[in-house]
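So you can see what is in the structure, the chains are spelled out below.
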Amino acid sequence: MKTLIFSLAVSCMLGVCAARAAEPEAASAEPGVSFVAKITGLWSETGIAGFLQAEKPAEREPGEPLPKRNVKLATHYGLGQALMIGVSLLLIVLAIFKKFEPLLLLPIGFGGLLANIPNAGITAGPWLDTLGGVIEPGGFLHYTFEMGVATGLFPILIFMGVGAMTDFGPLIANPRTALLGGAAQLGIFVAFLGALALAKLFPGAIGFGLREAGSIGIIGGADGPTSIWLTTRLAPDLLGAVAVAAYSYMALVPIIQPPIMRLCVPERDRKIRMAQLRPVSKLEKIAFPVVILLLCALFLPSATPLVGAIMLGNLARESGVVNRLSDTMANDLINIVTILLGLSVGSKLAAERFLTFETLGVLFLGLVAFAFGTAGGCLMARVMNVFSKNKINPLIGSAGVSAVPMAARVSNNVGLESDPGNYLLMHAMGPNVAGVIGSAVVAGILYRLCM
C-alpha cells in the first residue's frame, strides 16, 4: 500500500514538473493561452467552424505575438469562403469537361480551393516575433506566390516557352499584319478609360486609380502572363480578379469572338482569299528576334523583360544549335511553371479579396476590352483594304488579340463558314504573333505611365 501511495505521489510530482516545464514554451508561442485552452479551442480550428464564422479571423502581423487586426467582409465571411469554393469548382469543371484553357484553369481552380479552406493557412504569411524571427512559417502557396509571381519570374519564364513554341514566319512573310495586332490593342485603352470612369460613377464602391486601371486594361490583350506581370507591379490586390478574367475570356474565345466578327465584317469580305505566304529564310527567322529586342531596347526599355523573354525562346528555336534548351523551354520548363503559376494565382481567389464590387467591375471591363480588341483588329483590316491592292480578309484581324493560337483558329473557322475552301490559319498567325508582342509593349507603356 505504501509503495502504491509513493508511486502515485512521484507520478503527480513528475506531471506537475512537466506541466511547468511546458508552460514557458506555450507562453512564448502564444502568451496568455494555456495548454488546456488550446485543447478546448480545437473545435474553432475545424473547417466546419470556419464556414460558420461571420467575420474573418484576426491576422497575426509581423512583430505582434497576438492577433490584432480584424478585417471585415461585406458578406458573411464563412459563407463567402463556401461561395468561392463553388467558383473554384466551376473553374475546374470548365477546365475538365469543357476544355476551356485547362492548362491554367485547372491549377487556378484548385489553388482557389486551397485558398478558401478555413483555418488551413495555406496562403498565410509567416508569423514573426518583434525581432523578425520566425515563430511559425507561412503556407506553401504564400512562398510560391512571393517567389514566382510577386517577382514577375513566372510570367517571364512562360514567355520563354511561348517564344520557343511559336513560329514568327507568318508575321515576317506579311509584315503589314503587325498593324492588325496593334489595332487589336484598342480594347486595352477602352478598358483603361472605363475603369477610371467607373471610379467616378461609383466612388463609394469602386476605388480604381491609374494603377488599377492599367491592370484592368491589359486584360484586353488576352494575354494571361502579361496581365499577371503588370498587375503584380501595379495593383497586386486585383491579381485574382484580373487573372481569372484574362484566362476565362481567353478560354471563351470561340464563344465571344465569332458574333463580333460577323457584326464587323460583311459576308463579301469574309470570302476574300489571300495570296499564299512567301517562304521565309532561316536567316530572317534568326534576325527577327534580335532586331525586335534591339528596337525594344532603343524605344521602350520597360517592356524588355517580356519582349526579351519571348525573343530568347524564339531565337533558341530558330537557331537550331540549342535544341536541348528550346525543347526544355517549350516543354518541361513551361509545364512546371504553368502549374506553379496557376496555383499561385488561384491563391488570390480568397473570399475577402474576390467578393467585392471591384471584382464585378474587373470582369465587366475585361469583357468590354476583349470585345473592342476583336472589333479593332477587324475594322483595321477593312480600313487597310481601302488603300491596298492585295486585299486582307478582315477576319484575321480578330486574331490580333494574344490568345495564341486559339484566336487564329477562330478566324479560320469563321472564314470556312462563308467559304469552305478558304483557309486563313497561317495568315491569321501573323496578327496573332503581333498581338503577343503588342500586348507586351503596351504593358511596358502602362507600367511607366501608371507607376
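Throughout what follows, the structure given in this document is the object of discussion. The model shown is predicted, which means the values in this text are computed figures rather than measured ones.

Describing the nonpolar core
Grouped together as the largest cluster of nonpolar side chains are 109 residues, with contacts concentrated most on Phe208 and Val362. Every residue in contact with phenylalanine 208, bar those within four places of it in the chain, is listed here: Ala195, Leu196, Ala199, Ile216, Leu238, Glu358, Val362 and Leu365.

A few points about helix α10 (residues 186-201)
One full turn of an α-helix is made of 3.6 residues, so residues set three or four places apart face in the same direction. The terminal C-alpha atoms of α10 lie 23 Å apart, and with 16 residues this matches the ideal 22 Å at 1.5 Å per residue to within 8%. Regarding α10, the residues found buried are Gly187, Ile188, Ala191, Phe192, Gly194, Ala195, Leu198 and Ala199. Taken around the axis of α10, the buried residues stretch over an arc of 170 degrees, which confines them to a single face. Of the residues in α10, the exposed ones pointing more than 90 degrees away from the buried face are Leu193, Lys200 and Leu201. Structurally, α10 contributes buried residues whose contacts are with α11 (210-217), α20 (357-386) and α22 (425-450).

Description of a nonpolar patch on the surface
A cluster of nonpolar side chains, contributed by Val93, Ile96, Phe97 and Leu106, occupies part of the molecular surface with about 380 Å² of accessible area. Among the elements that line the nonpolar patch, the one with the most residues is helix α4 (residues 77-97), at three residues.

Some thoughts on the packing of aromatic side chains
Applying the stated criterion across every chain, the model contains two aromatic pairs. Aromatic side chains phenylalanine 168 and phenylalanine 288 sit 5.4 Å apart centroid to centroid with 80 degrees between the ring planes, which places their arrangement in the edge-to-face category. Placement of the pair is phenylalanine 168 in the loop between α7 (153-165) and α8 (169-173) and phenylalanine 288 in helix α16 (residues 282-299), with a sequence separation of 120 residues. Look at phenylalanine 288 and you get buried, because its relative accessible area is 16%. Of note, lysine 348 hangs over the ring of phenylalanine 145, and the distance from its end group to the ring centre comes to 4.1 Å.

Things to note about the packing of α10 against α20
Where α10 contacts α20, the axes come no closer than 7 Å and their chain directions differ by 150 degrees. One way to sum up the angle between α10 and α20 is to call them roughly antiparallel. Note on packing geometry: the crossing formed by α10 with α20 is right-handed. Residues Leu186, Gly187, Val190, Ala191, Gly194, Ala195 and Leu198 of α10 pack against Gly361, Leu365, Val368, Ala369, Phe372, Gly373 and Gly376 of α20. Split by residue class, the contact of α10 with α20 holds nine nonpolar, five polar and no charged.

Considering the pattern of salt bridges
Taken as a whole and assessed by the stated rule, the structure comprises seven salt bridges. In this structure, glutamate 267 and arginine 270 form a salt bridge, with 3.0 Å as the shortest nitrogen-oxygen distance. Residue glutamate 267 and its partner arginine 270 are located together in helix α15 (residues 267-270), separated by three residues, close to a single helical turn. In this structure arginine 270 comes out as buried when scored by relative accessible area, which is 12%. With a closest N to O distance of 2.9 Å, arginine 273 and aspartate 419 form a salt bridge.

Cut-offs applied
Residues numbered from 1 in each chain as written. Predicted model: local features only at pLDDT ≥ 70, side-chain atom pairs only at ≥ 80, totals over all residues. Heavy atoms only, no water. Core = buried A, V, L, I, M, F, W, Y, C linked by side-chain atoms within 4.5 Å. Buried < 20%, exposed > 50% of the residue type's maximum accessible area, 1.4 Å probe, protein only. Contact = heavy atoms within 4.5 Å. Helix = DSSP H or I, 4+ residues; strand = E, 2+ residues; numbered from the N terminus. Expected span 1.5 Å × (residues − 1). Arc of directions from axis to C-beta. Patch = residues over 30% accessible without salt bridge, like charges linked within 9 Å, V, L, I, M, F, W, Y side chains within 5 Å. Areas by Shrake-Rupley, 256 points an atom, 1.4 Å probe, with all protein chains shown as cover. Salt bridge = Lys/Arg side-chain N within 4 Å of Asp/Glu carboxyl O. Phe/Tyr/Trp six-rings, centres within 6.5 Å; stacked < 30°, edge-to-face > 60°. Lys NZ or Arg CZ within 6 Å of the ring centre and 35° of its normal. Axes fitted to C-alpha atoms, helices over the stretch in contact; angles between N-to-C directions. Parallel < 35°, antiparallel > 145°, perpendicular 65-115°, else oblique. Left-handed = near helix turned anticlockwise from the far one by under 90°. Nonpolar A, V, L, I, M, F, W, Y, C, P; charged D, E, K, R; others polar.

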